[in-house]
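Overview (structure and organization)
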Amino acid sequence: MRFLAVAFVALLVASCSTPKDVVYFQDLSYGQVVEAENVLDIRVKPEDKLSIIVNAQDPSLSSLFNLIQTSNRIQSTTSATSQVGEMGTAGGGGQISYYTVNPQGDINFPVLGELHIAGMTRYEVAEYIRERLMGDDLVKDPIVTVEFANTGVTVLGEVGSPGRYEFNKDRMTILDAIAMAGDLTINGQRENLMVLRPDGVGKQQAYFIDLTDTRNVYSSPVFYLQQDDVVYVAPNKKKIRETTPNGNSPFTPSFWITMGSAAITVATLVLTLTR
């Protein structure tokens, strides 16, 4: 009887305990320094949309290199640009457009013509255009500003708010994406987070991250995300069992209480019959 009671209590405690794999960065100690092994900036790739603004001392000269659509052409687009919103201009009612990178990684820039920018960061694109403008004696000491317009990742599965999340940073980590999506739910797998990364030719490569292992997270090639990455958080075993009738019954306190009561009843009956 004493053995059965002890076993029952042990099983009850085990069923109510918190799984160890819920906690992130379990191997990290106080004061420990961690650093990503591969810093990865967002770089231009085909189908990206970019805002490129050239500023010069002479406003009329700047206008030669900035894509402005007047109000009577709001619905008009070309294969290289698409309308994105209003922007105040000297003449009023103007529209600023984005450049869309073609499949070869090029954009068609005013006056300069076709520019190959695939693989560059936005700072490198800005410096490249600035040097071309100055080198061709088109603008003296211009200021070129480049911004990504469609930089986003998709987060799916066991997170608070699944969806696509746009960001305006040059670097986006897997931790940023998780936070933007409302963190993993209690039923999300921490040890097997999946990231699908497009390779630019219609395929995707799968990577896996263990959020409970600090080194695994910071050394992962997908610690820094790229535009159009897909993050998927799979459900844990408990969540999967919930998809079937009574799937988690053996793991609930009520189950063990019932089993313990039955065991005590059987033991009492056996002792009574053997006396």
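Scope of this entry: the structure provided in the associated data block. (Residues numbered from 1 in each chain as written. Predicted model: local features only at pLDDT ≥ 70, side-chain atom pairs only at ≥ 80, totals over all residues. Heavy atoms only, no water.)

Quick notes on the overall build of the chain
Of regular secondary structure, the chain possesses 7 helices and 14 strands. Considering the chain as a whole, with its 275 residues, one finds that 35% of them fall into the buried category. Residue pairs at least 24 apart in sequence account for 61% of intrachain contacts in the chain once pairs closer than 6 positions are excluded. Summed over all atoms, the accessible surface of the chain reaches about 16300 Å², with 57% contributed by carbon and sulfur. (Helix = DSSP H or I, 4+ residues; strand = E, 2+ residues; numbered from the N terminus. Buried < 20%, exposed > 50% of the residue type's maximum accessible area, 1.4 Å probe, protein only. Contact = heavy atoms within 4.5 Å. Areas by Shrake-Rupley, 256 points an atom, 1.4 Å probe, with all protein chains shown as cover.)

A closer look at the environment of Lys237
Within the secondary structure layout, Lys237 lies in helix α6 (residues 237–241). Sequence separation between Lys237 and Gln189 is 48 residues; the distance between their C-alpha atoms is 8.6 Å.

Observations regarding the packing of aromatic side chains
Aromatic ring pairs are described here by two measures, namely the spacing of the ring centres and the angle between the planes. Applying the stated criterion to the full structure yields 5 aromatic pairs. Judged by centre distance (6.3 Å) and plane angle (80°), the ring pair of Tyr24 and Phe25 falls under edge-to-face. Assessed through its relative accessible area of 22%, Phe25 is described here as partly exposed. Taken together, a centroid distance of 4.6 Å and an interplanar angle of 35° make the contact between Tyr218 and Phe223 tilted. Look at Tyr218 and you get buried, because its relative accessible area is 19%. Residue classification places Phe223 among the buried positions, given a relative accessible area of 4%. Members of the aromatic cluster, joined through ring pairs, are Tyr24, Phe25, Tyr218, Phe223 and Tyr224. (Phe/Tyr/Trp six-rings, centres within 6.5 Å; stacked < 30°, edge-to-face > 60°.)

Observations regarding the pattern of salt bridges
This model, assessed by the stated rule, comprises 14 salt bridges. Arg132 is the salt-bridge partner of Asp136, the closest N and O atoms lying 3.8 Å from each other. Look at Asp136 and you get partly exposed, because its relative accessible area is 41%. For Arg132, a relative accessible area of 26% puts it in the partly exposed group. (Salt bridge = Lys/Arg side-chain N within 4 Å of Asp/Glu carboxyl O.)

Some words on the environment of Leu61
Tracing the backbone through its elements, the reader meets Leu61 in helix α2 (residues 59–62). Considered as a pair, Leu61 and Val139 are 78 residues apart in the sequence and their alpha carbons are 7.6 Å apart. In contact with Leu61, other than residues within four places in its own chain, are Leu138 and Val139.

Focus on the nonpolar core
Counting residues in hydrophobic clusters, the biggest one holds 47 residues, and the most contacted among them are Ile52, Phe109, Ile117, Ile129 and Ile174. Ranked by the residues each element gives to this core, the list is headed by helix α3 (residues 122–135), at 4 residues. When near neighbours in sequence (up to four residues on either side) are disregarded, Phe109 contacts Ile52, Val54, Phe65, Tyr99, Leu115 and Ile129. (Core = buried A, V, L, I, M, F, W, Y, C linked by side-chain atoms within 4.5 Å.)

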